[in-house]
Amino acid sequence: MKYTSTRGEAPILGFSDAVLAGLARDGGLYLPLTWPEFSAAEIRAMRGLSYPDLAVRLLTPFLGGEIAPATFKRLAHEAYATFRHEATCPIVQLAPNTFVLELFHGPTLAFKDVAMQLLARLMDHILAERGQRATIAGATSGDTGGAAIEAFGGRERTDIFILFPNGKVSPVQQRQMTTPNASNVHALAIEGNFDDCQGLVKDMFNDHGFRDRVSLSGVNSINWARIMAQIVYYFSSAISLGSPDRPVSFTVPTGNFGDIFAGYAAKRMGLPVERLVIATNDNDILARTLESGEYRMKDVIETTSPSMDIQISSNFERLLFEAAGRDAASVRRSMDGLKQSGAFTIEPPALARIRAEFDAGRTTTGEAAATIRSTLEASGYLLDPHTATAVSVARRTAGRETPMVVLATAHPAKFPAAVEAACGVSPSLPDWLAPIMDAKERYTVLPSDLKMVEDHINRHARAVSGS
Ligand SMILES: Cc1ncc(COP(=O)(O)O)c(C=O)c1O
Ligand SMILES: N[C@@H](CCOP(=O)(O)O)C(=O)O
């Protein structure tokens, strides 16, 4: 299996190089040249596999023979042994034909752990085989950062620098990033919003001198391996609801479009997915895009679901590439438009292809709070504000024969203030995580300035050439 960039001007890479590259050298995102496909009989035969064994079964074709089967099996088992639920990602029924897929049983209580625990082990393995080190730069609106720091903290071959928007993440999210004391972990509070942080990370990748000097790597969902690992739970949940003999729909709380793109990939691989429903908060750029065909940025609105407070939804580029028949030139035109004027228009055939697979809806902060309240009253289930945006959209979309699975992307205890304001219940952190609330914080505040962030990384990374 080889990987191509959505912008078509970067080298075609094998799996290990694509994982270490993160962002392609032409600014694009890597995708497999072809989608591996599983027949209905093959999917049926996956019933009863444990989560790590299912991951091995589904993801092996993506590795292109570059990781030995026994090694990959060991890494997958080690990754999911960090989860505190025997099913890894269990499903719970919320209402007739509506289910939540709980993705928050990992070490930082968010869905990011599912991919990050595997990615850290894969990267470590690849770097060790090559005798190399890497410097990881990541941007977070709250959850990716904590998950990445947990997964990479203390690893010998990587230094990790996480950029988060200063003052715009929840206290629990912030402390997950700022209290670990591993010397390879660097939390950077950037004076800006998530899009500024993500822009800085992309600019670092596009500064090829800097990129090569520090052996830059990425762990945001721009990295193909993140998407790849997220494919597995679409299969695990659908199979437990009767797939491939019963189609399933998914509603996904969406920001950077990585999670729902993994659902699209699962469908390409043969999973019978009826609808993929994008749920946004007040930052409804994707819902507006599906309605109008124009992707147009606005200012970011702060909401009670901060991890979705995003305007530049990176992985939408992967969908554009697919919907445009893998025409990299048309993706380049759209991305140039976005950079120059903050907008681009999707060509009618591509828009029709997107609408054929995706629906979209928005949930205001007030509606998310009402959904937390009404769900608790109706079923005794406590939602986090991100999942609530999706439950609210799913209620408006679901209701037919196909089961609707809503992705529960975070544990409510990560956002106790918003949950308590919504329903009067303040969820507590589990005992094993609670000490972070009293631990000493360690982070550096920096302006949203590429040179200053690069200088900081140059001074602290161990992989700088010559050192
Ligand atoms: C809790 C939570 N829900 C939803 C999202 C949105 O996911 P994605 O960025 O993959 O669309 C995020 C951030 O990525 C998140 O942290
Ligand atoms: N919501 C995310 C933003 C970054 O997303 P990623 O999936 O591209 O890493 C977060 O919580 O940081």
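Not measured: the values here are computed from a predicted model.

A look at the overall build of the chain
Broken down by element type, the chain carries 19 helices and 15 strands. In terms of C-alpha radius of gyration, the chain reaches 20 Å, essentially the compact-globule figure of 23 Å for 467 residues. Dimensions along the principal axes, computed over C-alpha positions, put the chain at roughly 60 × 50 × 50 Å. Residues counted as buried form 62% of the 467 residues belonging to the chain. Counting only contacts in the chain whose residues sit at least 6 apart along the sequence, the fraction spanning at least 24 positions is 76%. Element-wise, carbon and sulfur atoms account for 50% of the exposed surface of the chain, whose accessible area totals about 16,500 Å². Taken as two groups, the 46 positive and 51 negative side-chain charges of the chain have centres that lie 3 Å from each other.

Re unusual backbone geometry
Backbone torsion omega between S243 and P244 reads 10°, so that peptide bond is classified as cis. Inspection of the secondary structure puts P244 in the loop between α10 (224-240) and β9 (248-253). The backbone of S215 sits at a positive phi, close to 50°, despite the residue not being glycine. Looking at where S215 falls in the secondary structure, it is placed in the loop between α9 (208-214) and β8 (216-218).

Considerations on the sheet that holds strand β7 (residues 185-191)
Within the open sheet, the 5 strands sit side by side as β8-β5-β6-β7-β15. Their pairing is parallel. Of all the strands in the sheet, the pair left with one neighbour each is β8 and β15 (444-447). Averaged over all neighbouring strand pairs, the angle between strand axes comes to 30°, with direction disregarded. Lying on the sheet, helix α6 (residues 143-152) is in contact with β5 (134-139), β6 (158-165) and β7; it crosses β6 at an angle near 165°.

Some remarks on the side chain of S170
Within the element layout of this structure, S170 appears in the loop between β6 and α7 (171-178). Side-chain polar atoms of S170 contact the backbone oxygen of K414, separated by 2.9 Å. Not counting residues within four places of it along the chain, the set of residues in contact with S170 comprises K414 and F415.

A few points about the nonpolar core
Formed by 111 residues in total, the largest nonpolar core has its most connected members in F152, W224, Y233, F235, F250, F316 and F358. Contacts of F358, omitting those with residues within four sequence positions, involve F257, I260, Y264, R275, L276, I278, L290 and L319. Of all hydrophobic cores here, the second largest spans 24 residues; its members include L188, C197, M204 and I457.

So, the packing of helix α3 (residues 51-59) against helix α4 (residues 69-80)
Running from N to C, α3 and α4 cross one another at 140°; their axes reach a closest spacing of 9 Å. With respect to their mutual orientation, α3 and α4 come out oblique. Of the two elements, α3 crosses α4, and the hand of that crossing is right-handed. For the pair α3 and α4, contact is made by Y51, P52, D53, A55, V56 and L59 and by F72, K73, A76, H77 and Y80, respectively. Residues belonging to the contact of α3 with α4 are distributed by class as follows: 8 nonpolar, 1 polar and 2 charged.

A word on the site of ligand 1
Inspection of the region around ligand 1 gives 15 residues, with K112, D143, G255, N256 and T409 positioned closest. Within the side chain of K112, one N or O atom sits 2.3 Å away from an oxygen atom of ligand 1. In this structure, F257 approaches ligand 1 through a main-chain N or O atom, which is 2.9 Å from an oxygen atom. Protein chains bury 98% of the 380 Å² of accessible surface belonging to ligand 1 in isolation. Looking at the shell around ligand 1 residue by residue, the classes come out as 5 nonpolar, 7 polar and 3 charged.

Topic: the sheet that holds strand β14 (residues 404-408)
Note on sheets: strands pair through backbone hydrogen bonds, and any given pair is parallel or antiparallel. In spatial order, the strands read β3-β4-β14-β9-β10-β13; together these 6 strands make up an open sheet with mixed pairing. Edge positions in the sheet fall to β3 (91-95) and β13 (358-362), since each of these pairs with one other strand and no more. Sheet twist, expressed as the average angle between the axes of neighbouring strands with direction ignored, equals 25°. Pairing geometry for β9 and β14, over 3 bridges, is parallel. Directly across from T251, in β14, lies its bridge partner V406. On top of the sheet, helix α12 (residues 285-292) reaches β10 (273-280) and β13; it is set at about 130° to β13, its chief contact.

Some points on the UniProt feature "domain: Threonine synthase N-terminal" (unreviewed entry) in the chain
UniProt records the feature "domain: Threonine synthase N-terminal" (unreviewed entry) for residues 2-80 in the present numbering. Regarding residues 2-80, the helix share stands at 42% and the strand share at 8%, and the terminal C-alpha atoms are separated by 26 Å.

Side note on the confidence of the model for the chain
Put simply, the chain has an average pLDDT of 96, and 99% of its residues get 70 or more. Here the predicted complex carries an ipTM of 0.99, next to a pTM of 0.97.

Let's talk about the pattern of salt bridges
Going through the model one piece at a time under the given rule, you end up with 24 salt bridges. Where R296 meets E294, a salt bridge forms, and the shortest distance between an N and an O atom there is 3.0 Å. Overall, the relative accessible area of 27% leaves E294 in the partly exposed class.

Quick notes on the environment of L446
Counting through the fold element by element, L446 comes out in strand β15. A residue is classified by how much of its surface remains accessible, and L446, at 9% relative accessible area, is buried. Here L446 is in contact with L188, A189, I190, E191, M452, V453 and H456, once residues within four sequence places are set aside.

Quick look at the site of ligand 2
Taken together, 13 residues sit near ligand 2, with T140, T144, N220, S221 and S307 positioned nearest. Interatomic distance of 2.5 Å between a side-chain N/O atom of S221 and an oxygen atom of ligand 2. Between R226 and ligand 2, the recorded distance is 2.8 Å, taken from a side-chain N or O atom to an oxygen atom. Residue composition of the shell around ligand 2, grouped by class: 2 nonpolar, 8 polar and 3 charged.

Rules of the game
- Residues numbered from 1 in each chain as written.
- Chains lettered and ligands numbered in written order.
- Predicted model: local features only at pLDDT ≥ 70, side-chain atom pairs only at ≥ 80, totals over all residues.
- Heavy atoms only, no water.
- Helix = DSSP H or I, 4+ residues; strand = E, 2+ residues; numbered from the N terminus.
- Rg over C-alpha atoms; globule rule 2.2 N^0.38 Å.
- Buried < 20%, exposed > 50% of the residue type's maximum accessible area, 1.4 Å probe, protein only.
- Contact = heavy atoms within 4.5 Å.
- Areas by Shrake-Rupley, 256 points an atom, 1.4 Å probe, with all protein chains shown as cover.
- Lys, Arg positive; Asp, Glu negative; His and termini not counted.
- Charge placed at Lys NZ, Arg CZ, Asp CG, Glu CD.
- Pairing = 2+ DSSP bridges.
- Axes fitted to C-alpha atoms, helices over the stretch in contact; angles between N-to-C directions.
- Polar contact = N/O pair within 3.5 Å; in protein donor to acceptor, adjacent residues only side chain to side chain.
- Core = buried A, V, L, I, M, F, W, Y, C linked by side-chain atoms within 4.5 Å.
- Parallel < 35°, antiparallel > 145°, perpendicular 65-115°, else oblique.
- Left-handed = near helix turned anticlockwise from the far one by under 90°.
- Nonpolar A, V, L, I, M, F, W, Y, C, P; charged D, E, K, R; others polar.
- Near = heavy atom within 4 Å.
- UniProt positions renumbered as here; feature names shortened; annotations may be inferred.
- pLDDT = per-residue confidence, 0-100.
- Salt bridge = Lys/Arg side-chain N within 4 Å of Asp/Glu carboxyl O.

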